[in-house]
Amino acid sequence: MGMGQDNLNKVNQVMEASVVIVGGGPAGLAAAVRLYDRGVTDLLILERENKLGGILKQCIHDGFGLTRFGESLSGPEYADRFIQEVKQRNIRFITDTTVIQITPDHDVYAAHRDGLLHVRARAVILAMGCRERTRGALAIPGTRPAGVLTAGVAQAYMNLQNRMPGKKIVILGSGDIGLIMARRLTLEGAHVLGVFEINPIPSGLPRNIQQCLNDYGIPLFLSHTVTDIRGTDRLQEVVVSKVDEKLQPLAGTEKVYACDTLILSVGLIPENELTIGAGAELCPQTGGAYVDEWYQTTVPGLFAAGNVLHVHDLVDFVSLEAETMAEGVVRYLNGALPNASIALRCGKNIGHTVPQKISGTENVVVTLRVRAPQKDAEIVIRQGKAMVARKRVRNALPANMIEIHLLKDQLTGGQDLEVSVND
Ligand SMILES: Cc1cc2nc3c(=O)[nH]c(=O)nc-3n(C[C@H](O)[C@H](O)[C@H](O)COP(=O)(O)OP(=O)(O)OC[C@H]3O[C@@H](n4cnc5c(N)ncnc54)[C@H](O)[C@@H]3O)c2cc1C
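Note that the structure is a prediction, hence the values are computed from the model and not measured.

*Asks:* How should the overall build of the protein chain be read in this particular structure?
*Replies:* Looking only at helices and strands, the protein chain has 9 helices and 25 strands in total. In terms of overall size, the protein chain behaves like a compact globule, its C-alpha atoms giving a radius of gyration of 22 Å where 423 residues would be expected to give roughly 22 Å. Reported as C-alpha extents along the three principal axes, the dimensions of the protein chain are approximately 65 × 60 × 40 Å. Burial statistics for the protein chain: of 423 residues in total, 54% are counted as buried.

Structural data, given as structure tokens:
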């Protein structure tokens, strides 16, 4: 466990660190490296799994790093670039350690097999990533057989444990992880009967629809959902129905698919329990914390980046966001973080923005998602009647994160901003 081992004898003692980073995935690692390079060397990364790297450990396909490194890497390769940087700098980390509480005063409590760990920090970074929505969240009727699992769990079985989850597969939801698993299962000899999506548009990236479904002849059924799960010990069949424009199943459209596995790829939710516990306000649209342009939450000295803040489409943007956040942490430690009081409000066809408020003293990259697909979209930011930023997007899709640059010189004062899509 490298440096991690050295820290174990400190369990049951109160430790100190300038910054505690909760989660050793791409967000936590990128933040640690950037902080160290800015002179904040007294860092501690706490990771609940037995290795650093986060969810990338199980993403063995390539396509990571095109933006950050200009080359196509597998998930483990991408993570390893940052893990090596952390190790070269001797940044402290402890694995097999789950953070269970963070106080607004930056006391961090974590459970380790040898006892309770208590760290006092000047600032805390939330980098816990997200988790998958499960069958419970969807309330699908039917029995409770084995063989119903989320796409990330199926991916972990296959890529980390070398186990096939099943042979005849139905996938519910067209999220990127489900699409990637459709291809992976097919390559390993399973028969993927189809991907069924309740919405009239796919939720995964267009490149994944092409490369994971179309290239392998796997059918995609839009406006369809699973309405019954059948089987005693093991899944035997699922019933799939068409839905109307209100997403309600249409009677008479039921079709039975014999299968042994149902894979759910129906969305990710930021891991926000610690965020709430620390007293940070949540943004209902993202499910993560409200943050300013330096990714500081509403609790001073508590920062968040990566999937714990908002679900990202590509990991490259997670790393870039975490690096910007690290610059904010440095400013905070130096007492030089500007006060952010200008709110960004979501107008027409905008699902969410990150950040949700800014100081107006810096140029800011605002990240957003549209609610509904729109061709030739003009995204605009207005302050009162003045248009302060605009961007044309040829094909704006909810699956894609969109960035728009907001220049401080364009702002006309301290009034709130509205982000919307022009027709
Ligand atoms: C299954 C899957 C497939 C993906 N495929 C792609 C892809 O093909 N291309 C792409 O660009 N992106 C892909 N992504 C997205 C990309 O992996 C994520 O954007 C990225 O991993 C998010 O980084 P993160 O650091 O925010 O979170 P994570 O990678 O999830 O890391 C969070 C870390 O925090 C730890 N943690 C959580 N809670 C605690 C706690 N209480 N105490 C201590 N540690 C804790 C976790 O164990 C984990 O190591 C995929 C994501 C998933 C879920």
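Read on, since the account is not over.
*Asks:* It is not clear to me how the packing of helix α2 (residues 26–37) against helix α3 (residues 75–88) should be interpreted in this structure. Could you clarify?
*Replies:* Two quantities define a packed helix pair, namely the angle between the helix axes and the distance between the axes. As a packed pair, α2 and α3 sit with axes 9 Å apart at the nearest point and diverge in direction by 35°. The handedness of the crossing between α2 and α3 is left-handed. In this structure, α2 contributes L29, A30 and V33 to the contact, and α3 contributes A79, F82, I83, E85 and V86. Tallied by class, the residues present in the contact of α2 with α3 amount to 7 nonpolar, no polar and 1 charged.

*Asks:* Looking at this structure, I do not really get the site of the ligand. What am I missing?
*Replies:* The environment of the ligand is formed by 31 residues, the closest being A27, E47, H61, N307 and V315. Within the backbone of A127, a nitrogen or oxygen atom sits 3.4 Å from an oxygen atom of the ligand. In this structure, V315 approaches the ligand through a main-chain N or O atom, which is 2.9 Å from an oxygen atom. Expressed as a share of its isolated accessible area of 1,000 Å², the protein-covered part of the ligand is 94%. Mapped onto the shell around the ligand, the elements with two or more residues apiece are α2, β4 (97–102), α6 (176–187) and α9 (315–333). Ranked by residue count, the leading element in the shell around the ligand is β4, at 3 residues. Class assignment of the residues belonging to the shell around the ligand gives a composition of 17 nonpolar, 10 polar and 4 charged.

About the criteria used
- Residues numbered from 1 in each chain as written.
- Predicted model: local features only at pLDDT ≥ 70, side-chain atom pairs only at ≥ 80, totals over all residues.
- Heavy atoms only, no water.
- Helix = DSSP H or I, 4+ residues; strand = E, 2+ residues; numbered from the N terminus.
- Rg over C-alpha atoms; globule rule 2.2 N^0.38 Å.
- Buried < 20%, exposed > 50% of the residue type's maximum accessible area, 1.4 Å probe, protein only.
- Axes fitted to C-alpha atoms, helices over the stretch in contact; angles between N-to-C directions.
- Left-handed = near helix turned anticlockwise from the far one by under 90°.
- Contact = heavy atoms within 4.5 Å.
- Nonpolar A, V, L, I, M, F, W, Y, C, P; charged D, E, K, R; others polar.
- Near = heavy atom within 4 Å.
- Polar contact = N/O pair within 3.5 Å; in protein donor to acceptor, adjacent residues only side chain to side chain.
- Areas by Shrake-Rupley, 256 points an atom, 1.4 Å probe, with all protein chains shown as cover.

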